[in-house]
Amino acid sequence: MSEAARKDHGCGSQAAPGEHGRELRVLVLPGDGIGPEVTAQAVRALRAAAEAEGIGLVCEYLPVGGSAIEEVGEPLPEEVLRACQQADAVLLGAVGGPQWDHLPPDRRPEAGLLALRRGLGLWANLRPIKLYPCLVRVSPLRAELLARGVDIMLVREISAGLYYGSPRGRRSDGSGFLAVDTMSYSTHQVERVLRLAFQLAMERSGRLTSVDKANVLATSRLWREIAGWLRFQYPSVHLEHMYVDAAAMEMVQRPWRLDVVVTCNTFGDILSDLGGGLVGSLGLLPSASLGDKNPGLFEPVHGSAPALAGQDRANPLGAILSAAMLLRYCGAGEAGSRAAERVESAVVRVLQAGYRTADLEEPGRCLVGTSAMGDLIVEAIREG
Ligand code: IPM
Ligand code: MN
């Protein structure tokens, strides 16, 4: 997103960190499972890129999710939320694990993440889904379906919908239980995320796909109606509506047709994992959650993968690319954009050189662990 688009949406309106001598203050929340391992490498990449571009950086670490439950007894302690609100940006690993699955819904690690998104006033989650040409053979799709590339910017609404609606919960109905979740969206919640998606489409190819289930859901009908009004204010954008079931098929049959895709919280969650599978591994995907003002929240799309934790086998690239998004969107101006490009180009060069974590394994390539991948990226960032 350009500075202009950020301004339009109010993002990053504070005095620029990393410029005029002010340091960039990053709150790091490593979380659970593989979160700490991938976050450690992301912080190294962040430091190397910030240093190369003359951006002062201060990192502070706090617990969230299961690790906060263990330390403080709740998934998002108030002090942690407050510290996040005062930072320039928040870098998160992942939350969750089987040892906390028995807890009541509002005390689970995932509840901490949802409360954090809400507590920071975040409403747009950008999830770029990019195919690296050197990874074509890692994707489950035939090479000919990938020949035109995959470069999708998935914009997921994250402030509302099924994740937050009330009433929710369950009660006994005599013969068993009745469980209820509520999907609700207001005009305001839909309009702001659609506007951001239109802006992004203008900066990219001019194509926008709005994904819904308007043949069944009331929220989707409102969504489609608002997208229909807004299109007249963005005449250079070609808007297409697509049902979510059809969009899932499109992603695997003709992924090159999609550019900016905007959708609600639940559909965005599902389609982004599909996108990870499409480009070879969910471990590659970063994300940036933005609101009206800083701080944004930057986290890989993959989860805590408890079975992989502590083995130095996790792919840190999703976390490292989230650090790149942090540098781009934290309000650090040109230096931040240059630092982000350094990280992204380092990732391309290291993959092109044939280094792979276990999730990307291919015959004839060099298998490396989490921290060795971090070493390679840091070295490539320094080389510039
Ligand atoms: C994601 C995750 C989260 C979500 C979970 C952990 C609550 O799956 O960021 O995609 O569903 O938003
Ligand atoms: Mn998810």
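Residues numbered from 1 in each chain as written. Chains lettered and ligands numbered in written order. Predicted model: local features only at pLDDT ≥ 70, side-chain atom pairs only at ≥ 80, totals over all residues. Heavy atoms only, no water.

1. Quick word on the domain arrangement of the chain
Each assigned domain of the chain is listed with its residue range as follows: domain 1 (1–120 + 295–384) and domain 2 (128–282). If you look at the interface, domain 1 gives 21 residues, while domain 2 gives 22 residues. Approximately 1900 Å² of surface area, both sides summed, lies buried where domain 1 meets domain 2, with 62% of it carried by carbon and sulfur atoms. Our enumeration of links across domain 1 and domain 2 arrives at one salt bridge. If you look at where domain 1 meets domain 2, you find five residue pairs in polar contact (both at pLDDT 80 or more). Residue assignment for the side of domain 1 that touches domain 2 shows that the elements contributing at least two residues are helix H1 (3–8), helix H5 (109–119), helix H11 (317–329) and helix H12 (333–352). With four residues, the top contributor of residues to the side of domain 1 that touches domain 2 is H12. For the side of domain 1 that touches domain 2, the class distribution of residues is ten nonpolar, four polar and seven charged. (Domains from an automatic or database assignment. Contact = heavy atoms within 4.5 Å. Buried area = accessible area lost by both parts, 1.4 Å probe. Salt bridge = Lys/Arg side-chain N within 4 Å of Asp/Glu carboxyl O. Polar contact = N/O pair within 3.5 Å; in protein donor to acceptor, adjacent residues only side chain to side chain. Helix = DSSP H or I, 4+ residues; strand = E, 2+ residues; numbered from the N terminus. Nonpolar A, V, L, I, M, F, W, Y, C, P; charged D, E, K, R; others polar.)

2. Considerations on the state of the cysteines
Every disulfide links exactly two cysteines, by a covalent bond between their sulfur atoms. Per the counting criterion, the structure on display carries zero disulfides. Unpaired in terms of disulfides, Cys59 finds its nearest cysteine sulfur in Cys330, a separation of 11 Å. (Disulfide = S-S within 2.5 Å.)

3. Section: unusual backbone geometry
For residues besides glycine, phi is generally negative; the peptide bonds are generally trans as well. Here the bond from Ser166 into Pro167 is cis, since omega is 5°, no more than 30 degrees from zero. Within the secondary structure, Pro167 sits in the loop between strand S5 (151–157) and strand S6 (169–172). The peptide bond linking Asn294 to Pro295 adopts the cis configuration, its omega dihedral lying at 0°. Unlike most non-glycine residues, Ala305 shows phi in positive territory, near 35°.

4. Quick notes on the pairing of strand S2 (residues 57–61)
Here five bridges tie strand S1 (residues 24–31) to S2, and the two strands are oriented parallel to one another. Bridging from a neighbouring strand, Val26 pairs with Cys59 of S2. In this region the chain leaves S1, passes through helix H2 (residues 35–52) and returns to the parallel neighbour S2; the handedness of that crossover is right-handed. (Pairing = 2+ DSSP bridges. Right-handed = clockwise from strand over helix to strand, strands pointing away.)

5. Things to note about the pairing of strand S11 (residues 288–291)
Residues of S11 alternate between two faces, with Ala288 and Leu290 on one and Ser289 and Gly291 on the opposite face, all of them buried. Remark: four residues form the turn of the hairpin made by S11 and strand S12 (residues 296–298), two consecutive strands paired antiparallel. (Buried < 20%, exposed > 50% of the residue type's maximum accessible area, 1.4 Å probe, protein only.)

6. With respect to the side chain of Glu157
Along the chain, Glu157 turns up in strand S5. For the buried residue Glu157, which engages in no salt bridge, the nearest side chain bearing the opposite charge is Arg192, 4.4 Å off. Within the local environment of Glu157, its side chain forms a polar contact with the side chain of Ser159, the two groups lying 2.5 Å apart. Within the local environment of Glu157, its side chain forms a polar contact with the backbone nitrogen of Ala160, the two atoms lying 3.0 Å apart. Those residues in contact with Glu157, other than ones at most four positions away along the chain, are Trp123, Tyr185, Gln189, Arg192, Val193, Trp223, Thr263, Cys264 and Asn265. (Lys, Arg positive; Asp, Glu negative; His and termini not counted.)

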